[in-house]
Amino acid sequence: MKQETINRFNEAKKIYASYGVDVDLAIAKFKNIPISLQCWAGDDIKGFENVEGVKNENTVVGNYPYAARNGDELRKDIEMAFSLSPLKHKVQLHSIYAEFQTERSKLTGQDFSKWITWAKKIGIGLDLNGTFFSSKMMDDGLSICSPNKKVREYWIEVGKSTRRCAVEIGKALGQPCYNNFWIPDGLKDITVNRKEFRKRLIDGLDEIYGVPYTKEEEKYAVDVLEGKYFGIGSEYFVCGSHEFYIGYAASHNLGVTIDAGHFREGEDVSDKITAIEPFVKNVMLHVSRSLHWDSDHTVIENDSLNNLMLELKRADLLDKVAIGLDFFDASINRVFEWAIGLRATAKALLYALLEPTELMQKMELERDYSSRLFYIEESNNLPYNDVWNYLLESHNIPGGKEALAALKKYEKDVQSLRK
């Protein structure tokens, strides 16, 4: 490690200590907070089913070359992104990334055995999302909310199989597998019987979650429900709105996923965490950067990202709320976007952990709001970049230009060979 880096780190520790912050303790906490990377950004959410006549129903903009074509390439790309990140990692899968081509409603943990073996090898956990789209069984944009009984029954089985898989995956890896439930169901224009659509969704959820996990299974699987404001093709009505899932989760002992891109523009997503967390069993974050609603741009370190991490830290929820990433951009190299997003999330997390929160909370309790605001602003100038650089070098991770050079070399030596 460079002596200059060590010197600057030691000086930063002294400065932070004057604000009551223990840098070594912050780093120790940082190393134990897993961030779950979304596998689907590596191939534009195509997955491995390859069913003839089924199109990808997700809007992923761009046609940058070198997308992963199979599980081995996808895992190799993920490992490259991980090599540039000092975080503790997990990976989020969708059920369409099972590699044994089992029908989606009949998947078992065995269908993810390659992912499990790989996760064990590199020492990470896995999370799971049931895939309720891109299928011949979609009924004009509807799955569980469809009026067609056979369609509903099929997707209910998909939901049940995904829960089984989550338990098996979590048990195989010895840590919780968050099982996220999201469906695109909704209608484009004025809907005159929203209650009936939502009644079908309630009935379907009752069947999927009707058998709770056993005490043993609860160690390995966590159910969370993800809502949405609107979607392309469902601009007027989304069956699974935030309010719907919060109500269902609170009354059925389930969890909720808060996706940073699924709210109206201008909403402060960080404010929602402590408004929801006390009333539901678990909370997961899906972190994205939405320029205009759910645009899912690659995460960069900005006020929105920092505020999410600060809220978790200030509310003492960093070890209670699961954090996953959810963005995709096919206009740039997909491994680059993973690396950028991971590093940005890591910096935001470190920034939050280094904030002199206790000092500012004491001022708030004493109603010394003037001093509180002064220190909030002052904390922006504290030398967290010196801690970041130390963290990178201590993990032998390149910074700045060296990291970019490594990504460009990977594109040239590995990705460009994909034809």
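Everything numeric in this text was worked out from a predicted model, so none of it was measured.

Val23, Ala26, Ile27 and Phe30 are the residues of helix α2 (residues 23-30) that are buried. Considered in projection along α2, the buried side chains sweep an arc of 100° and stay on one side of the axis. Measuring from the side-chain oxygen of the N-cap residue of α2 to the backbone nitrogen of Asp24 gives 3.1 Å; that N-cap residue is Asp22.

Burial of strand β4 (residues 177-181) is extensive: 5 of the 5 residues sit out of reach of the surface. Examined bridge by bridge, strand β3 (residues 125-129) and β4 share 2 bridges and lie parallel to one another. Residue Asn129 lies in a different strand from β4, and its bridge partner there is Asn180. Regarding the hand of the β-α-β motif, the stretch spanning β3, helix α5 (residues 149-173) and β4 is right-handed. With 5 bridges joining them, β4 and strand β6 (residues 221-226) adopt parallel strand pairing. Counterpart to Cys177 in the pairing with β6 is Ala221.

Ile78, Trp115 and Phe181 are the most contacted members of the largest nonpolar core, which totals 116 residues. With 11 residues, the single largest contributor to this core is helix α10 (residues 334-354). What Ile78 contacts, discounting residues up to four positions off in sequence, is Leu37, Cys39, Val91, Trp115, Trp118 and Trp338. Met80, Leu84, Ala403 and Tyr410 belong to the second largest nonpolar core, which has 8 residues in total.

In this section: the sheet that holds β6. Strand order in the closed barrel formed by 8 strands is β1-β2-β3-β4-β6-β8-β9-β10, with parallel pairing between adjacent strands. Mean inter-strand twist for the sheet, computed between neighbouring axes without regard to direction, equals 30°. Inspection of the sheet shows strand β1 (residues 34-38) paired to strand β10 (residues 321-325) by 2 bridges, in the parallel sense. Bridge pairing links Ser36 to Gly324 in β10. Contacting β3, β4 and β6, α5 runs over the sheet at an angle of about 175° to β3. Here α10 sits on the sheet and contacts β1, β2 (88-94) and β10; the angle it forms with β1, its principal contact strand, is near 160°.

Our next topic: the side chain of Arg152. Looking at where Arg152 falls in the secondary structure, it is placed in helix α5. Despite its burial, Arg152 pairs with no opposite charge, the nearest such side chain being Asp203 at 6.7 Å. Within polar-contact distance, the side chain of Arg152 engages the backbone oxygen of Ser146 at 2.9 Å. When near neighbours in sequence (up to four residues on either side) are disregarded, Arg152 contacts Ser143, Ile144, Ser146, Pro147 and Arg200.

So, on to the packing of aromatic side chains. For the structure shown, the criterion picks out 17 aromatic pairs. For the ring pair Phe181 and Tyr245, a centre distance of 6.2 Å and an interplane angle of 85° mean the geometry is edge-to-face. Taken together, the residues Phe181 in strand β4 and Tyr245 in helix α7 (residues 242-252) connect sequence positions 64 residues apart. Both residues of the pair, Phe181 and Tyr245, belong to the buried class. Relative to Tyr375, the ring of Phe374 lies with its centre 5.7 Å away and its plane at 85°, an arrangement referred to as edge-to-face. In this structure Phe374 comes out as exposed when scored by relative accessible area, which is 51%. Under the relative-accessibility criterion, Tyr375 is labelled partly exposed at 24%.

With respect to the helices and strands, Pro147 occurs in the loop between β3 and α5. Judged by its relative accessible area of 54%, Pro147 falls in the exposed class. When the C-alpha atoms of Pro147 and Glu196 are compared, they prove to be 9.2 Å apart, with 49 residues separating the residues in sequence. With sequence-adjacent residues up to four places away left out, Pro147 is seen in contact with Asp139, Leu142, Arg152 and Arg200.

In this section: unusual backbone geometry. Its identity is not glycine, yet Asp296 carries a phi of approximately 55°, on the positive side. By secondary structure assignment, the location of Asp296 is in the loop between β9 (283-287) and α9 (303-314). A residue is classified by how much of its surface remains accessible, and Asp296, at 5% relative accessible area, is buried. You will see that Asp316, though not glycine, has its phi angle at about 55°, which is positive.

What counts and how
- Residues numbered from 1 in each chain as written.
- Predicted model: local features only at pLDDT ≥ 70, side-chain atom pairs only at ≥ 80, totals over all residues.
- Heavy atoms only, no water.
- Buried < 20%, exposed > 50% of the residue type's maximum accessible area, 1.4 Å probe, protein only.
- Helix = DSSP H or I, 4+ residues; strand = E, 2+ residues; numbered from the N terminus.
- Arc of directions from axis to C-beta.
- Polar contact = N/O pair within 3.5 Å; in protein donor to acceptor, adjacent residues only side chain to side chain.
- Pairing = 2+ DSSP bridges.
- Right-handed = clockwise from strand over helix to strand, strands pointing away.
- Core = buried A, V, L, I, M, F, W, Y, C linked by side-chain atoms within 4.5 Å.
- Contact = heavy atoms within 4.5 Å.
- Axes fitted to C-alpha atoms, helices over the stretch in contact; angles between N-to-C directions.
- Lys, Arg positive; Asp, Glu negative; His and termini not counted.
- Salt bridge = Lys/Arg side-chain N within 4 Å of Asp/Glu carboxyl O.
- Phe/Tyr/Trp six-rings, centres within 6.5 Å; stacked < 30°, edge-to-face > 60°.

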